[in-house]
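Results of the structural survey
Each chain, letter by letter, is given below.
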Amino acid sequence: MTSKSFEFNASNLEAWQKAAVKSAPGGDVNALNWKTPDGIVVKPLYTAEDTANLPYANTLPGFEPFLRGPQATMYAVRPWTIRQYAGFSTAEESNAFYRKALAAGGQGVSVAFDLATHRGYDSDHPRVTGDVGKAGVAIDSVEDMKILFDKIPLDKVSVSMTMNGAVLPVLAGYVVAAEEQGVSQDKLSGTIQNDILKEFMVRNTYIYPPEPSMKIIGDIIEYTAKNMPKFNSISISGYHMQEAGANQALEMAFTLADGKEYVKTAIAKGMDVDEFAGRLSFFWAVGMNFYLEIAKMRAARLLWCRIMKGFDAKNPKSLMLRTHSQTSGWSLTEQDPYNNVVRTTIEAMAAVFGGTQSLHTNSFDEAIALPTEFSSRIARNTQLIIQEETHITNVIDPWAGSYMMESLTQEMADKAWAIIEEVEAMGGMTKAVGSGWAKLKIEAAAAEKQARIDSGKDVIVGVNKYKLAKEDPIETLSIDNVRVRDGQIERLAKIRASRDSAKVQAALDALSAAADSGQGNLLDLSIQAVRLRATVGEISDALEKAFGRHRADTQKVTGVYAAAYDDGDNVGDTMEYWNALKADIAAFADAQGRRPRVMISKLGQDGHDRGAKVVATAFADLGYDVDMGPLFQTPEECARQAIENDVHAVGVSTLAAGHKTLVPAIIAELKKQGADDIIVFVGGVIPRQDYDMLYEAGVKGIYGPGTPIPVSAKDVLEQIKKALA
């Protein structure tokens, strides 16, 4: 038999189609197609025909358009950097974790800050009583930063900091801590996220409005280009977009459009594009859509090269998209949590096959609480095993030439480019964000995804299929928020008592004046203030005097969640359950003269509102009247709004471990204001061992990750009926 017998031709394809018809559902080969959330149709079979006319299928790594990787030899010479993203309550505890991780094979430090720090509040501020040290490390001053990096040589270890809102005092604190360690600015390597546009879309840890926030970004790009040549001045992040619900095409398009906006901002300051573009980096989420994630990362490099050529960049480093990646936190499940080890491994392999430059793997217990040392070690070892045992690193871009992958890469690029052009037609990403359009696109995608899971169309093993009859508890990490806050307040008092207050005030006044006039570099002035021991909160307040503090409009999408139930393609009895619940809610409205009314709230400084928005959308589609509380409410403010709006129930969405403080506080506040007939329910990331405490505090329903929203909606309705009886 000769090789000619196996050559692809139309006759062979026709023969395959006939053979496939025999086993395809209903004899329809098209029934084997998979339509992705991005609207791309993935076929079961790809052939040479699919790649025959692709313009970039035969390019090389390290050369334009960098589709196959930014470096010529990729992992064959230097594997990706293994990072461990973490921050635990105090600087002392976080420092101990980093040093252990570095000794055990970690190759860089990635810092997670607590929400009080993100939002520019010192730990003694009354608005952050439940947030200090809960979802990351509390940093109030350079003294905390010095402890955080104690015995970590900052001229040798690269540091990545996820910080956007309070980016000026935090980056200044890092610079000054390094100086006092004996490391000059030009020796520092790493990345500051400094990506504010995505905060207005998804993560919401902003402080100032969009326009002054863009001024801050421009100043940081300018300062680091001149003084910190090894440091990446911005990490343009799609990660939080996907975590908030964006599909891969939306994540890629919005992230690249953000990057384009930041380049425009730097050029507007008079900088040459090649002066700074080589230090821009990106940050992707890598979820469970294995093929799409690989294609996304390849396509993103292609499109970024195209975008930068549009700015007339000449240096090849300006055209390269370099990226950090992190496995999905949203894909992790509370139910049957050891399955998450497998999910993280699959996602890590997609990141590697896609050509990431550094990677953080999430721990299996992060759907429940902060990771333990045990779970963090498994997450880190996942990367070490891929690097050291599999030989995956020996081949550069192993998917090159794949009929499917090359075709899918081009389709992802085309889909994302169409969205980028839509953004440009609006006047750029700042305007698209300011209008609320971008945020609503992501929220609609999130609602649609949740409905597909709740209705059983998308399978999550251990959650809506193959469920365990009994869940065994696992050990989780708990943070004593009161202890941490007391310690931070004590340290703040010592700093304020020992510094030269007049010099500090003069430095803060200079910051306010520069922010007001637009003259001077705000990072330079922040570094000067930090050297004098100005705190994170004081620097943030000085800027707020000129810029103001941003208040977001609260919007919600409607109809998207219900559409997944109304399209006639449901699994099992979910449609029957949905319709019966809608009838129950309608009957309640008839009997009471009004519909059941709930207020969905976020308390404290946790801005992650995917869950809150999806729940609000689903409850409204079922027939509830739904109010959305503004972000960052105190329990007192939440109780007041609930009473004014005459709601039957308050639903608190929690992700950042503040539930033990904030939920009892809202219940006490409702009672104090004479409204203890308003029931309180809670959803989000809550360890099982905390349930009894919350029930004892007066919570009527707790709905952890994986709870189908119709199930929680029915339970809330029953609790409202009991309260009215």
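For the structure, check the block above.
Cut-offs and rules
Residues numbered from 1 in each chain as written. Predicted model: local features only at pLDDT ≥ 70, side-chain atom pairs only at ≥ 80, totals over all residues. Heavy atoms only, no water. Pairing = 2+ DSSP bridges. Helix = DSSP H or I, 4+ residues; strand = E, 2+ residues; numbered from the N terminus. Right-handed = clockwise from strand over helix to strand, strands pointing away. Axes fitted to C-alpha atoms, helices over the stretch in contact; angles between N-to-C directions. Parallel < 35°, antiparallel > 145°, perpendicular 65-115°, else oblique. Left-handed = near helix turned anticlockwise from the far one by under 90°. Contact = heavy atoms within 4.5 Å. Nonpolar A, V, L, I, M, F, W, Y, C, P; charged D, E, K, R; others polar. Salt bridge = Lys/Arg side-chain N within 4 Å of Asp/Glu carboxyl O. Buried < 20%, exposed > 50% of the residue type's maximum accessible area, 1.4 Å probe, protein only.

1. Observations regarding the pairing of strand S15 (residues 679-684)
Strand residues, when the strand is regular, have side chains that alternate between the two faces of the sheet. Judged from the 6 bridges that link them, strand S14 (residues 649-654) and S15 form a sheet pairing that is parallel. Pairing of Ser-653 across the sheet is with Gly-683, part of S15. For the handedness criterion, the β-α-β arrangement of S15, helix H28 (residues 691-697) and strand S16 (residues 701-703) is classed as right-handed.

2. A few points about the packing of helix H8 (residues 210-227) against helix H10 (residues 248-268)
The packing of two helices is summarised by the inter-axis angle and the distance between the axes. Where H8 meets H10, the axes come as close as 9 Å, and the angle between the chain directions of the two elements is 70°. Viewed along their axes, H8 and H10 adopt a mutual orientation that is roughly perpendicular. Relative to H10, H8 is oriented so that their crossing is right-handed. Touching Met-214, Ile-217, Gly-218 and Ile-221 of H8 are Glu-261, Tyr-262, Thr-265 and Ala-266, all from H10. In the contact of H8 with H10, the residues fall into 5 nonpolar, 2 polar and 1 charged.

3. Observations regarding the sheet that holds S16
The 5 strands are arranged S13-S12-S14-S15-S16 in an open sheet whose pairing can be described as parallel. A strand with exactly one partner marks an edge of an open sheet, and here the two such strands are strand S13 (625-628) and S16. Each strand axis lies, on average, 20° off the axis of its neighbour in the sheet, ignoring direction. The pairing of S15 with S16 spans 3 bridges and is parallel. By the bridge assignment, Val-682 is partnered in S16 with Ile-702. On top of the sheet, helix H25 (residues 610-622) reaches strand S12 (597-601), S13, S14 and S15; it is set at about 160° to S13, its chief contact.

4. Here we look at the packing of helix H24 (residues 574-592) against H25
Viewed as axis vectors pointing N to C, H24 and H25 meet at an angle of 75°, and their least axial separation amounts to 9 Å. Classed by the angle they form, the pair H24 and H25 counts as roughly perpendicular. Packed against H24, whose contacting residues are Trp-578, Leu-581, Lys-582 and Ile-585, the element H25 presents Ala-618, Asp-621 and Leu-622 at the interface. Residues belonging to the contact of H24 with H25 are distributed by class as follows: 5 nonpolar, no polar and 2 charged.

5. Let's talk about the pattern of salt bridges
Under the counting rule described, the total for this entry stands at 50 salt bridges. For Glu-373, the salt bridge identified is with Lys-100, shortest N-O distance 3.3 Å. Remark: Lys-100 occurs in helix H3 (residues 91-103) and Glu-373 occurs in helix H15 (residues 373-389); sequence separation between them is 273 residues. Overall, Glu-373 belongs to the exposed group, its relative accessible area being 53%. Looking at Lys-100, the relative accessible area reads 49%, which means it is partly exposed. Notably, a salt bridge pairs Lys-714 with Asp-584, separated by 3.4 Å at the nearest N-O pair. One end of the pair, Lys-714, is in helix H29 (residues 709-724); the other, Asp-584, is in helix H24, with 130 residues separating them in the sequence. Given a relative accessible area of 29%, Lys-714 falls into the partly exposed group. Judged by relative accessible area, which is 28%, Asp-584 ranks as partly exposed.

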